[in-house]
Amino acid sequence: MKVVLLSPGAKVPKRVNDYAAGYDLFAPKDSVVKPGRNLIPIDISIELDPHTEGEVRPCSGYSINGMKGFSLNDLKTEKRFDADVIIGTVDEDYRGVVGAIIKSYEDKPFVIKQGAKIAQLVVKNYIGKPFEIASELSKTERGSKGFGELEHK
Ligand SMILES: O=c1ccn([C@H]2C[C@H](O)[C@@H](COP(=O)(O)OP(=O)(O)OP(=O)(O)O)O2)c(=O)[nH]1
């Protein structure tokens, strides 16, 4: 896999150890997260291996405790903010800037400092077979039950 670093602060996606599924993605500069939906550029473009895709995913520590950052009026005290990375897909042929989509539930903007972990990128094989129109499907025990309708016995 290849990565192009697009700004001086951009970092190579990195796994924390040999067993980590995700490559951590880092803020390339101090990045302001506004209330609502944001696209935070990671300032890298990547070339994935054939038949793989990248999933931009939240880091569970942030999902549970809030994202680490700083209030605009106090850039020294790190706090947790009520904001989540929304899962995204990086296609194999995408050569643009990889971004992380963040939804903030805060009522004020906050700052993620340069170099801080924002999200993780999990690279997975995908199955690109086409769907064929059919008049019926194979029978299964679940059938059409879903959305919580399947009870444990
Ligand atoms: O979290 C994300 C989601 C998407 N992308 C980039 C890479 C991806 O290949 C491209 C398009 O994403 P997607 O295929 O999900 O967008 P779409 O809404 O289906 O539109 P389109 O494919 O026309 O851009 O945007 C990211 O960098 N980060």
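Model, not experiment: these values are computed from the prediction.

1. A closer look at the site of the ligand
- The full set of residues close to the ligand is V56, G88, T89, V90, D91, Y94, V97, V98, G99 and I101.
- In this structure, an oxygen atom belonging to the ligand sits 2.7 Å away from a side-chain N or O atom of D91.
- G99 is positioned such that a nitrogen or oxygen atom in its backbone is 2.8 Å from a nitrogen atom of the ligand.
- Coverage of the ligand by the protein chains reaches 50% of its 570 Å² of free accessible surface.
- When residues of the shell around the ligand are traced back to their parent elements, those giving at least two are β10 (88–90) and β11 (99–104).

2. Focus on the environment of G143
- With respect to the secondary-structure elements, G143 resides in the segment after β13 (117–125).
- Given the relative accessible area of 48%, G143 is considered partly exposed.
- Each C-alpha atom, one on G143 and one on C59, is 34 Å from the other, the two residues being 84 residues apart in sequence.

3. Some points on the pairing of strand β9 (residues 83–86)
- Side chains A83 and V85 of β9 all project onto a buried face; the interleaved residues D84 and I86 project onto a face where none is buried.
- Pairing between β9 and β11: four bridges, direction antiparallel. Its bridge partner being in β11, A83 is matched across the sheet by S104.

4. Some points on the sheet that holds β11
- As summarised here, the arrangement of the three strands in space is β4-β11-β9, forming an open sheet in which the pairing is antiparallel. The two strands at the open ends of the sheet, each matched to only one other strand, are β4 (36–41) and β9. Here the average twist between neighbouring strands, direction ignored, is 30°.
- With six bridges connecting them, β4 and β11 associate as antiparallel partners. Bridge pairing in β11 links L39 to I101.

5. Details of the side chain of D24
- Along the chain, D24 turns up in strand β2 (residues 22–26).
- Here D24 sits buried without a salt bridge, and the closest side chain of opposite charge, K117, lies 4.5 Å off (N-O distance).
- The contacts of D24, once residues within four sequence positions are left out, are P13, K14, R15, V16, K117, A119 and Q120.

6. Observations regarding the pattern of salt bridges
- Per the counting criterion, the structure on display carries three salt bridges.
- Between K29 and D43 there is a salt bridge, with its nearest N and O atoms 2.9 Å apart. Of this pair, K29 sits in the loop between β2 and β3 (31–33) while D43 is found in the loop between β4 and β5 (44–47), placing the two residues 14 residues apart along the sequence.
- With a relative accessible area of 41%, K29 lands in the partly exposed category.
- E55 is the salt-bridge partner of R57, the closest N and O atoms lying 3.0 Å from each other.
- Judged by its relative accessible area of 26%, R57 falls in the partly exposed class.

Cut-offs and rules
- By convention here, each chain's residues receive numbers from 1 onward along its written sequence.
- Residues qualify for local features only when their pLDDT is at least 70, as the model is predicted, and side-chain atom pairs are given and counted only at 80 or more; totals for whole chains, interfaces and linings, by contrast, use all residues.
- Working from all heavy atoms in the structure, the side-chain values ignore hydrogens and water.
- Consider each residue's heavy atoms; a residue with any of them within 4 Å of a molecule or strand counts as near.
- Polar contact is defined as a pair of N or O atoms within 3.5 Å, subject to the rule that within protein one atom must be able to donate a hydrogen and the other to accept it, and that residues adjacent in sequence are counted only when both atoms are side-chain atoms.
- A 1.4 Å probe and the Shrake-Rupley method give the accessible areas. Residues count as covered only by the protein chains that appear here.
- Put simply, DSSP marks the helices as runs of H or I at least four residues long and the strands as runs of E at least two long, and each gets a number from the N terminus on.
- For every residue, the accessible area obtained with a 1.4 Å probe (protein chains only) is divided by the maximum for its type, and the residue is called buried under 20%, exposed over 50%, and partly exposed between those limits.
- Here a strand pair is declared whenever DSSP counts at least two bridges between the two strands.
- Every axis corresponds to a line fitted to the C-alpha atoms, with the helix fit spanning only the stretch in contact, and the corresponding angles, defined between N-to-C directions, vary from 0 to 180 degrees.
- When charges are counted, Lys and Arg contribute as positive and Asp and Glu as negative, whereas His and the chain ends are disregarded.
- Salt bridge, as used here, is a side-chain nitrogen of Lys or Arg placed within 4 Å of a carboxyl oxygen of Asp or Glu.
- Contacts are assigned to residue pairs with any non-hydrogen atoms lying within 4.5 Å of each other.

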